[in-house]
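Now for the letters of each chain:
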Amino acid sequence: MPQCEMCGSNQASLKTVKVEGAELQLCDNCAQFGTEVRTESTSSASSKYSTSSSSGKAKRSSGSSSSSSSKKRRRRDMFDDMEEIATDYDTRIRQARESRNLSQEDLAKSLNEKASLIRKIERGDIMPPDSVRKKIERKLDISLVEGASDDDSEWSSGGSQKTTLGDVVKRKD
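Summary of the structure given here. Treat the numbers as computed from the prediction; the structure is a model and nothing was measured.

The rules behind the values
Along each chain, numbering runs from 1 in the same order as the chain's sequence is written. Only residues with pLDDT of 70 or above have their local features reported here, since the model is predicted, and side-chain atom pairs are shown and tallied only from 80 upward, although totals for entire chains, interfaces and linings are computed over all residues. The side-chain numbers reported here are obtained from all heavy atoms of the structure, hydrogens and water having been left aside. All axes here are fitted lines through C-alpha atoms, helices being fitted over the stretch that makes contact, and every angle between N-to-C directions spans 0 to 180 degrees. By the criteria applied, helices consist of DSSP H or I runs no shorter than four residues and strands consist of E runs no shorter than two, each listed in order from the N terminus. Angles below 35 degrees are treated as roughly parallel, those above 145 as roughly antiparallel, those between 65 and 115 as roughly perpendicular, and all remaining angles as oblique. The contact rule is simple, with two residues in contact once any of their heavy atoms fall within 4.5 Å. Amino acids are sorted into nonpolar (Ala, Val, Leu, Ile, Met, Phe, Trp, Tyr, Cys and Pro), charged (Asp, Glu, Lys and Arg) and polar (every other residue, Gly among them). Note on terminology: a nonpolar core comprises buried Ala, Val, Leu, Ile, Met, Phe, Trp, Tyr and Cys residues joined through side-chain atoms within 4.5 Å. Working definition: with a 1.4 Å probe on protein chains only, accessible area under 20% of the residue-type maximum means buried, over 50% means exposed, and in between means partly exposed. At least two DSSP bridges between two strands are needed for those strands to be called paired.

### Let's talk about the packing of helix α2 (residues 89-99) against helix α4 (residues 115-123)
- Packing of α2 against α4 leaves a shortest axis separation of 7 Å and a crossing angle of 120 degrees. In terms of axis orientation, α2 runs oblique to α4. Of the residues in α4, those in contact with Tyr 89, Asp 90, Ile 93, Arg 94 and Arg 97 of α2 are Ile 121, Glu 122 and Arg 123.
- The residue makeup of the contact of α2 with α4, split by class, is three nonpolar, no polar and five charged.

### Focus on the nonpolar core
- The biggest cluster of nonpolar side chains holds 15 residues, and the ones touching the most others in it are Tyr 89, Ile 93, Ile 118, Ile 121, Ile 136 and Leu 140.
- At four residues, the largest contribution of residues to this core is made by α4.
- Among residues more than four places away in sequence, those in contact with Ile 93 are Ile 121, Glu 122, Ile 136, Leu 140, Ile 142 and Leu 144.
- Counting residues in each nonpolar core, the second largest holds eight residues, with Leu 14, Val 19, Cys 30 and Ala 31 among its members.

### Considerations on the sheet that holds strand β1 (residues 15-19)
- One open sheet holds the three strands; their spatial order is β2-β1-β3, and the pairing between them is antiparallel. Because the sheet does not close on itself, it has two edges, and the strands there are β2 (22-26) and β3 (35-36).
- With two bridges connecting them, β1 and β3 associate as antiparallel partners. By the bridge assignment for β3, Val 17 is matched with Glu 36.

### Examining the environment of Gly 124
- Positionally, Gly 124 belongs in the loop between α4 and α5 (130-140).
- Among all residues touching Gly 124, those that are not within four sequence positions of it are Tyr 89 and Asp 90.

Quick look at the structure:
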């Protein structure tokens, strides 16, 4: 017997209801919290995602798409253009500041920032906001970003034949 995705009660039939942008299978009591969605299929067990083991249709398509997905490159997204701050940013800042014989207060004053901010950054308690990071880089003539590489080896399979969740799950949209 299917369960309501909101309250967990077992019901004979559930309604597909959109609640704050998410489509859920809900009982009559919980359906009042959203807007009922009219679906083409009346299956209460339908899901937005299917695995290759859950339906025959997905089994046929998973074989052809997994072989073609290994040839495709990962799509670029907004995070590819973002710079990553180095993991040792605190050490780089401290060493550059000390090599110029500047105290934390002197550096803060020259950057027009609070000394407490510089202390927190050097301790590694917080990461410097982009505006402060750029000021520090200019003042101390250092780079706090890791080398941005075009190598997507961490995203590609690298020739290994391991099956991942992405190879198995297919969206039904």
